[in-house]
Amino acid sequence: MVNQNAYALGANRSCIRDLFEYGRQRAAIVGPENVYDYSLGNPSIPAPKEVNEAVHQILNEMDSLLVHGYTSAVGDYDARKAISDDLNARYGVSTQPEEFFLGCGAAPELVSVFRALAVPGGELLAVAPYFPEYKPFAEEAGLIFKVVPPDVPNFQINLEALAGMLTPATQAIILNSPNNPSGVVYTRQTLTALAAVLTEKAAQFGHPIYLIADEPYRELAYGVEVPFLPAIYPDTIICYSYSKSLSLPGERIGYVYVPSAATDSQLVYAAVAGAARAGGHVCAPSLWQKVIARCAHLRPDLESYNRNRLALYEGLSAMGYEMAKPDGAFYLFVKAPGGDANAFSELAKQRDLLLVPGNGFGCPGYFRVCYCVSYDMIQRSLPVFEELIRPYRLDNE
Ligand code: PLP
């Protein structure tokens, strides 16, 4: 006998992984240059060279027992200090190293925060479109998972719907900006309005409603502001990751930030640490903590992502595809011509163009295009996009 929920999750690969594996198989048959794989969010820009230099320096200069040994459960002080200093310099805030808990990337950090907030009957609201893993993370943690319908077509936050879904059982809202899958960045105006709604409801219910900010894409913004959420709403808990910002998804490093100004911050911080402990996360990878201590101030070079973004946004828009302006991350979320994203993605798949239908993101009728790919592949794929939309355009002419 095995746990049935765990079995179901393990036995059914995600649709994104399925597509990715399919792409590999097709590449072996038709040649990699004939497969246009927009399925997976694996960064396509290398880590900054300073990161690799730091790895070498650490390995050459530091005591090997220290580099590879267990660290304190909350993470090395030097790394937490470097992160705190960087945020303070950038946002004019006054975070402290003691408010940070180093984790193994956003995914396990989210699991720990969900577990930390999972009281019996507690609810978590996710704003569609949302990262599909939130649902299993939340449900396994013991939270009731609810979806706030999307704000179509701009994919900001449907505040009216959200306000109507808040109940005394609401423990937290999970937000992801810049957003996977829409590429949208929530504006300061949207976030300020959200904060007002949450503040009012929290006072009415007599307990905090936490905002969990899932921020692996914080540094991936193209000329727009990504506001620092705790400065707008103090009951914010950040789950950050270097997977995308420093192109280190395989190294598993990031942090949870619990501001001391948040309600019951010490309780929350201890519960996050306890949940990580119960989940078996003794400490984040030690070598990478030392790298972050030296590299927390680095930013990605976004030039190639930006070129891809513009090529697709402008190219697809000119063909008649509709999408919200993608100001961040490396995704476009496109309205499926004909309205059925599954059917459209299937048609695309027959031409070796791999697009992820939006159902899993809580947004049927849209498909995701992940543009951390080569510019060359984009250029080769554009005629296929054109061919696919042509019949629908003729319908409208
Ligand atoms: N949250 C979002 C919105 C993501 O897109 C991802 C990864 O793609 C994660 C969390 C998980 O990030 P990590 O690799 O740091 O666990």
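These numbers come from a predicted model, not from an experiment.

**Points about the nonpolar core**
Thought 1: By size, the foremost hydrophobic cluster in this structure holds 53 residues, and its most contacted members are Ile 173, Leu 175, Tyr 242 and Tyr 255.
Thought 2: Looking at this core element by element, the count peaks at 7 residues for helix H9 (residues 188-205).
Thought 3: Not counting the four nearest positions on each side in its chain, Leu 175 is found in contact with Val 127, Ile 157, Tyr 186, Leu 191, Leu 194, Leu 211, Ile 212, Ala 213, Asp 214 and Leu 229.
Thought 4: Formed by 43 residues, the second largest nonpolar core is a distinct cluster that contains Leu 110, Phe 114, Val 356 and Tyr 366.

**With respect to unusual backbone geometry**
Thought 1: Residue Pro 153 is reached from Val 152 by a cis peptide bond, and omega for that bond is 5°.
Thought 2: Although it is not a glycine, Ala 329 sits at a positive phi angle of roughly 55°.
Thought 3: A residue is classified by how much of its surface remains accessible, and Ala 329, at 0% relative accessible area, is buried.

**Focus: the packing of aromatic side chains**
Thought 1: Summed over the entire model, instances satisfying the criterion amount to 25 aromatic pairs.
Thought 2: With a centroid separation of 4.8 Å and 20° between ring planes, the pair formed by Tyr 91 and Phe 228 is classed as stacked. With Tyr 91 in helix H5 (residues 77-91) and Phe 228 in the loop between strand S6 (210-214) and helix H10 (229-232), the pair connects residues that are 137 residues apart, well separated along the chain.
Thought 3: Feature note: the residues Tyr 91, Phe 100, Phe 228, Tyr 240, Tyr 242, Tyr 255 and Tyr 257 constitute an aromatic cluster, connected by ring pairs.
Thought 4: Over the ring of Tyr 375 we find Arg 307; its NZ or CZ atom is 3.7 Å from the centre of that ring.

**Describing the packing of helix H3 (residues 49-61) against helix H13 (residues 286-295)**
Thought 1: Axis separation between H3 and H13 bottoms out at 9 Å; the angle between their running directions is 120°. In terms of their interaxial angle, H3 and H13 are classed as oblique. Here H3 and H13 pass one another in a crossing that is right-handed. Together, Glu 50, Val 51, Ala 54, Val 55, Gln 57, Ile 58, Leu 59 and Glu 61 of H3 and Leu 287, Trp 288, Lys 290, Val 291, Arg 294 and Cys 295 of H13 make up the contact between the two elements.

**Here's the deal with the sheet that holds strand S7 (residues 236-241)**
Sheets are built from strands paired through backbone hydrogen bonds, the pairs being either parallel or antiparallel.
Thought 1: Taken in spatial order, the 7 strands line up as S2-S8-S7-S6-S5-S3-S4 in an open sheet, and their pairing is mixed. The open sheet has two free edges, formed respectively by strand S2 (100-103) and strand S4 (144-148), since each of these has just one partner strand. Between one strand axis and the next, the sheet turns by 20° as a mean value, whatever way the strands run.
Thought 2: When S6 meets S7, the two strands line up parallel, connected through 4 bridges. In the strand pairing of S7, Leu 211 is matched with Thr 236.
Thought 3: Sitting on the sheet, H5 touches S2 and strand S8 (254-257), and the angle it makes with S2 is about 115°.

Parameters at a glance
Residues numbered from 1 in each chain as written. Predicted model: local features only at pLDDT ≥ 70, side-chain atom pairs only at ≥ 80, totals over all residues. Heavy atoms only, no water. Core = buried A, V, L, I, M, F, W, Y, C linked by side-chain atoms within 4.5 Å. Buried < 20%, exposed > 50% of the residue type's maximum accessible area, 1.4 Å probe, protein only. Helix = DSSP H or I, 4+ residues; strand = E, 2+ residues; numbered from the N terminus. Contact = heavy atoms within 4.5 Å. Phe/Tyr/Trp six-rings, centres within 6.5 Å; stacked < 30°, edge-to-face > 60°. Lys NZ or Arg CZ within 6 Å of the ring centre and 35° of its normal. Axes fitted to C-alpha atoms, helices over the stretch in contact; angles between N-to-C directions. Parallel < 35°, antiparallel > 145°, perpendicular 65-115°, else oblique. Left-handed = near helix turned anticlockwise from the far one by under 90°. Pairing = 2+ DSSP bridges.

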